[in-house]
Amino acid sequence: MQALKEDEIMEQLRNPETRRSAFTRIVEACGEKLYWLIRKTGLTHDDANDVLQNTFLKAWTNLEQFRGESKILTWMSRIAINENITFLNRQRAMNQISIDDADTFLLERLKGDEYFDGDALELKLQEAILRLPEKQRIVFTMRYYDEIKYEDMSGILDTSVGALKASYFHAVRKIESFLTEDL
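Here is what the cut-offs are and how they apply
- Residues numbered from 1 in each chain as written.
- Predicted model: local features only at pLDDT ≥ 70, side-chain atom pairs only at ≥ 80, totals over all residues.
- Heavy atoms only, no water.
- Axes fitted to C-alpha atoms, helices over the stretch in contact; angles between N-to-C directions.
- Helix = DSSP H or I, 4+ residues; strand = E, 2+ residues; numbered from the N terminus.
- Parallel < 35°, antiparallel > 145°, perpendicular 65-115°, else oblique.
- Contact = heavy atoms within 4.5 Å.
- Nonpolar A, V, L, I, M, F, W, Y, C, P; charged D, E, K, R; others polar.
- pLDDT = per-residue confidence, 0-100.
- Phe/Tyr/Trp six-rings, centres within 6.5 Å; stacked < 30°, edge-to-face > 60°.
- Buried < 20%, exposed > 50% of the residue type's maximum accessible area, 1.4 Å probe, protein only.
- Lys NZ or Arg CZ within 6 Å of the ring centre and 35° of its normal.

For the rest of this paragraph, the subject is the packing of helix α8 (residues 150-157) against helix α9 (residues 161-180). Running from amino to carboxyl end, α8 crosses α9 at an angle of 105°, the nearest separation of the two axes being 9 Å. On the basis of the axis angle, α8 is roughly perpendicular to α9. Every residue of α9 that contacts α8 at Y150, E151, M153, S154 and L157 is listed here: V161, L164, K165 and Y168. Tallied by class, residues from the contact of α8 with α9 come to 6 nonpolar, 1 polar and 2 charged.

Have a look at this one:
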C-alpha cells in the first residue's frame, strides 16, 4: 500500500467524523492489490469484483474489531482470502461440484472470461495452478505473482513461515510436473 501512515489512518478510523474518509483512502490504496490477489486464484473478472466488494463490506462492518496489531493491507488481505474461500465453497455447493472437480470448473470459467487474454502457455499455467490444493494455490499466487514475503504471508494466512515455504515448494514441484508431463 502506498505509504498510508498507519497511525494516522488508525486515528481517523477511530473518529466517527473521519471514519468514512479514512476507509475511502484504504479502499483506494488497497483496491487494486486486493483485486489481483483475489483474481489470481482463478476467479473471473466479475467474480473477483464481487469478492472484492464483499471484502470491503466485511472490513467496513468489522472496523471496530480491527485493533491495528497488523498492517491494514495485511488485515484486508486476510479478509479477501477468507471471502475468496467462502465464495469458492459457495460456488462448488451451488453448482454441486465436488472438490475434485473444482479445478475443472474454475478453468472452464476462466476460459470463458472475456477479460482473460492469456495465450495457450498462460492457460496451461493457470490450469496447473488451479489443480493445486487450495492452500498451496493461495501461497503460490501470493509468492510467485505478488512476491509477498513469507513473514507477511504468515500474518495474512496465520500459518508458520516454515509451513508456507513447504507449501510453496510442493506447489512449484506440482506445477513443474504438470507443465512438463507432455514433453
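Another point: the confidence of the model for the chain. In the predicted model, the chain carries a mean pLDDT of 83, and the fraction of residues at 70 or more is 81%. The secondary-structure element of the chain with the lowest mean pLDDT is helix α5 (residues 102-111), recorded at 57, while helix α3 (residues 45-61) shows the highest, at 94.

If you walk through the whole model with that rule in mind, you get 7 aromatic pairs. Ring geometry for Y144 and Y145: centres 5.1 Å apart, planes at 80°, overall edge-to-face. Y145 gets classed as partly exposed once you look at its relative accessible area, which sits at 25%. Both rings, one in Y150 and one in Y168, keep their centres 6.4 Å apart while their planes meet at 75°; by these two values the pair is edge-to-face. Here Y168 lies in helix α9 and Y150 lies in helix α8, a separation of 18 residues in the sequence. You'll find Y150 and Y168 in the same group, each marked buried. By way of ring pairs, the aromatic residues F140, Y144, Y145, Y150 and Y168 are connected into one cluster. Seen from the ring of Y150, R143 lies directly overhead, with NZ or CZ sitting 4.5 Å from the centre.

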